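These are the residues of each chain, in order.
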Amino acid sequence: MAGAAETTAGRLRDGMANGVLSFPLTSFHDDGSLHPEGFRAHAAAQLATGPGAVFPACGTGEFFSLDEDEYRQVVTIAVEEAGGRVPVVAGVGYGWAQAVRFARIAEEAGADALLVLPHYLVAAPQEGLVAQLEQLAARTRLPLIAYQRGQVAYTAASLRRIAALPNVIGLKDGHSDLDRLQRLTLAAPEGFLFFNGAATAEIQARAYATVGVPAYSSAVHAFAPEIANTFFAALRAGDDKTLDRLLRDFYVPLVELRDRVPGYAVSLVKAAARLRGRPVGPVRAPLTDPSPADLAELESLLATGLDLVGARP
């Protein structure tokens, strides 16, 4: 790693050891327009709960629905609210040419690093997946974290190639293929970062830790940091009784509700944040907000989860 990349990787490593990774929601007004001050309030509240790092404008933040001006506002606000306390890792994506445009905006806004979301639409061979990172890495000074999910899945040989790029510092995994992931961790150079990016990552947090990937992102942190932080502390302490109770009575029912409708991985999170009075607004199409029946079930489940950790709704 180059000097700046190594410094950022060190900050992220420290943060990942001490807190969950926060992926804030992007706030919209009811008419679908960006709500900058709503996002500022939400980001500030997230940061106040002690995450290891903040990742604005990523999947949970509906990166795919933001134009470049909106993206600039979101990343700028996140950087301002973080104030250097924790690293800010902004999402970029689509093909590499478009990713470069967003990367330049993130640089200007003061982001510390970039999360490279899976490219758009097409399947690609390993050579193309590597080339995507190479093209972007050659055109930004910011450190990069690759994200394998959907149509992106690296082999150990490809992982060695992208890890050799001076500003590629880590990998977020959303496949939950622990055999593949173990091979990747063994192929990576010392100091290369890995974290669990599965949807509702807490469900598989213990399994990921067994292959050397204890760090994870938490969508629950976006609406119930009390629950997310209790789970994190129990995981670090090896408190299986608390973990099992939270998984059985909150996380597993949440995943079952999430899996009913495509897009609920974001929509339910945003709806839960609204239930707690957070100014995040609705999702943008093509996502849809939960049905009244699902919203009522979510509200009951949220109350159960908060009660489990002794927090108020």
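### Brief notes about helix α5 (residues 126-137)
Reasoning step 1: Between its terminal C-alpha atoms α5 stretches 17 Å, which fits the 16 Å expected from 12 residues at 1.5 Å a residue.
Reasoning step 2: Burial in α5 covers these residues: L129, V130, Q132, L133, L136 and A137. One side of α5 carries all its buried residues, which in axial view fall inside an arc of 150°.
Reasoning step 3: Buried residues along α5 sit against β3 (89-92), α4 (96-109), β4 (113-116), β5 (144-148), α6 (156-163) and β6 (168-173).

### A closer look at the packing of aromatic side chains
Reasoning step 1: Tallying each qualifying case throughout the model produces 12 aromatic pairs.
Reasoning step 2: Between F231 and Y251, the aromatic rings sit 5.2 Å apart at their centres with planes inclined by 65°, giving edge-to-face as the arrangement. In this pair, F231 sits in helix α9 (residues 225-237) while Y251 sits in helix α10 (residues 240-258), placing the two residues 20 residues apart along the sequence.
Reasoning step 3: Classification of F231 as buried rests on a relative accessible area of 0%.
Reasoning step 4: An aromatic cluster is present here, built from Y216, F231, F232, F250 and Y251 joined pairwise through their rings.
Reasoning step 5: Here K172 stacks its cationic end above the ring of Y147, 4.3 Å away from the centre of that ring.

### Considering the layout of surface pockets
Reasoning step 1: Estimated volume of the largest pocket: approximately 920 Å³.
Reasoning step 2: Along the wall of the largest pocket there are 38 residues; nearest its centre are G59, T60, Y147, R149 and V266.
Reasoning step 3: Put simply, the parts of the chain that give the lining of the largest pocket at least two residues each are β8 (217-218), α10 and α11 (264-275).
Reasoning step 4: Among the elements that make up the lining of the largest pocket, the one with the highest residue count is α11 (5 residues).
Reasoning step 5: Looking at the second largest pocket, its volume works out to about 180 Å³.
Reasoning step 6: When residues of the lining of the second largest pocket are traced back to their parent elements, those giving at least two are α1 (3-18) and β7 (193-196).

### Focus: the nonpolar core
Reasoning step 1: Core analysis: the largest hydrophobic core is formed by 74 residues, its most contacted members being F55, Y71, V92, L115 and L133.
Reasoning step 2: With 7 residues, the single largest contributor to this core is α4.
Reasoning step 3: Apart from residues no more than four positions distant in its own chain, F55 is found in contact with L21, S22, F23, P24, V89, L115, I145 and F195.

### Topic: the sheet that holds β6
Reasoning step 1: Spatially, β3-β4-β5-β6-β7 is the arrangement adopted by the 5 strands of the open sheet, whose pairing is parallel. In the strand order of this sheet, the two ends are held by β3 and β7, each with one partner. Strand-to-strand twist across the sheet, computed as the mean angle between neighbouring axes with direction ignored, equals 25°.

### Concerning empty space enclosed by the protein
Reasoning step 1: On inspection of all chains with the given rule, the structure shows 1 cavity of 30 Å³ or more.
Reasoning step 2: Size it by volume and the largest cavity reaches roughly 70 Å³.
Reasoning step 3: Considering the residues around the largest cavity, the lining is formed by V116, L117, P118, H119, L129, Q132, L133, Y147, V152 and Y154.
Reasoning step 4: At 3 residues, the largest contribution of residues to the lining of the largest cavity is made by α5.
Reasoning step 5: Classifying every residue of the lining of the largest cavity gives 8 nonpolar, 2 polar and no charged.

### Side note on helix α2 (residues 36-47)
One full turn of an α-helix is made of 3.6 residues, so residues set three or four places apart face in the same direction.
Reasoning step 1: The end-to-end C-alpha distance of α2 is 16 Å, a good match for the 16 Å that 12 residues give at a rise of 1.5 Å each.
Reasoning step 2: Of all the positions in α2, only G38, F39, H42, A43, Q46 and L47 are classed as buried. The buried residues of α2 occupy an angular sector of 160° when projected down its axis, which confines them to one face.
Reasoning step 3: Residues of α2 that are buried make contact with β1 (21-22), β2 (53-54) and α3 (68-82).

### Considering the environment of P143
Reasoning step 1: When you line up the elements, P143 lands in the loop between α5 and β5.
Reasoning step 2: Exposure remark for P143: the relative accessible area of 4% places this residue in the buried category.
Reasoning step 3: A C-alpha to C-alpha distance of 15 Å links P143 and R101, two positions 42 residues apart in sequence.
Reasoning step 4: Those residues in contact with P143 that lie beyond four places of it in its chain are A5, T8, D112, A113, L114, N167 and I169.

### So, the pairing of β4
Reasoning step 1: Burial along β4 is two-sided: the residues A113 and L115 and L114 and V116 are all buried.
Reasoning step 2: Alignment of β3 against β4, held across 4 bridges, turns out to be parallel. Bridge pairing in β4 links G91 to L115.
Reasoning step 3: With 3 bridges connecting them, β4 and β5 associate as parallel partners. Along β5, the bridge assignment pairs L115 with I145.

Conventions and cut-offs
Residues numbered from 1 in each chain as written. Predicted model: local features only at pLDDT ≥ 70, side-chain atom pairs only at ≥ 80, totals over all residues. Heavy atoms only, no water. Helix = DSSP H or I, 4+ residues; strand = E, 2+ residues; numbered from the N terminus. Expected span 1.5 Å × (residues − 1). Buried < 20%, exposed > 50% of the residue type's maximum accessible area, 1.4 Å probe, protein only. Arc of directions from axis to C-beta. Contact = heavy atoms within 4.5 Å. Phe/Tyr/Trp six-rings, centres within 6.5 Å; stacked < 30°, edge-to-face > 60°. Lys NZ or Arg CZ within 6 Å of the ring centre and 35° of its normal. 1 Å grid on protein atoms, 1.4 Å probe; cavity = no way out; pocket = protein on both sides within 12 Å on 5 of 7 lines; lining within 4 Å. Points joined across faces, edges and corners; volume = space filled by probe spheres on them. Core = buried A, V, L, I, M, F, W, Y, C linked by side-chain atoms within 4.5 Å. Pairing = 2+ DSSP bridges. Axes fitted to C-alpha atoms, helices over the stretch in contact; angles between N-to-C directions. Nonpolar A, V, L, I, M, F, W, Y, C, P; charged D, E, K, R; others polar.

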